Each structure stands twice: as C-alpha cells, then as structure tokens.
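# Close look at the chain arrangement
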Amino acid sequence: MTVDLLADAGEHLRRAAEAAEGDTADRFDRVADVLTKAAADDSGVDHGWLAKHTHTIRDAAGDADEEAQGHAEAAVDCINEYREGVPGV
C-alpha cells in the first residue's frame, strides 16, 4: 500500500474537475483536496473513509461528461488499488 496512490487519485480528480463545470467540478476538487491531504498526512485511512469518497466521486461522475468520467474512474481505480493494502474489512 502506498500513499502515492491517493495522491495519484487526487491528480486524476483535478483533471476531472478541469473537464467538468459548476458544482460537479467543485465536488471533484473537494475530494481531490481531501485525498491529497490524506496522502501527505500518511496517517492512514480506513475502508469506510475510502468508500465515502469513492461514492462521492462516482456520484459526481454521473453528472459529468465522458472526459471527466474517465478521469474520475482512474481516480477510483487508484483508490481501489490503495484499498487492497488497508487492513480490515
């Protein structure tokens, strides 16, 4: 498990935000901020925290165009890969 995956997810969400508009772009940016902070903090996150943010990403992607959706899915892929190394559930 590497926190770089959370930082990568944040970068994908920045690209998604650039491709989106309005509230959808803002939602992507907010989650990108949270993921980037979590990557820098290195204190670790749990499955529930990751699931909450994954849900937010997918919900926002439903309101976005194809380009933003692609970046959002790449972010989710990074989160899922990170999650494989998170203990618990």
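Within every chain, residues take consecutive numbers counted from 1 along the sequence as written. Only residues with pLDDT of at least 70 get local features here, since the model is predicted, and only at 80 or more are side-chain atom pairs given and counted; chain-wide, interface and lining totals rely on the full set of residues. In computing side-chain properties, one takes all heavy atoms of the structure into account and sets aside hydrogens as well as water.

In this description a helix means any DSSP run of H or I spanning at least four residues, a strand means any run of E spanning at least two, and both kinds are numbered starting from the N terminus. By secondary structure assignment, the location of Ala25 is in helix H2 (residues 22-41). Each residue gets one of three labels from its accessible area relative to the maximum for its type: buried under 20%, exposed over 50%, partly exposed in between, using a 1.4 Å probe on protein chains only. The exposure class assigned to Ala25 is buried, which follows from its relative accessible area of 10%. Taking the C-alpha atoms as reference, Ala25 lies 9.6 Å from Ala61; in sequence the two are 36 residues apart. Here a residue-residue contact requires only that any non-hydrogen atoms of the pair lie within 4.5 Å. Contacts of Ala25, omitting those with residues within four sequence positions, involve Ala17 and Ala20.

Note on definitions: salt bridges are taken to be side-chain nitrogens of Lys or Arg within 4 Å of carboxyl oxygens of Asp or Glu. Applying the stated criterion across every chain yields a total of 5 salt bridges. Put simply, Asp29 and Arg14 hold a salt bridge, and the shortest N to O gap is 3.3 Å. Residue Asp29 is found in helix H2, and its partner Arg14 is found in helix H1 (residues 4-19); the two are separated by 15 residues along the sequence. Assessed through its relative accessible area of 28%, Asp29 is described here as partly exposed. A salt bridge links Asp63 to Arg27; the nearest nitrogen and oxygen atoms lie 3.7 Å apart. Taken together, the positions of Asp63 in the loop between helix H3 (47-61) and helix H4 (66-83) and Arg27 in helix H2 put the pair 36 residues apart, joining distant regions of the chain. A residue is classified by how much of its surface remains accessible, and Arg27, at 15% relative accessible area, is buried.

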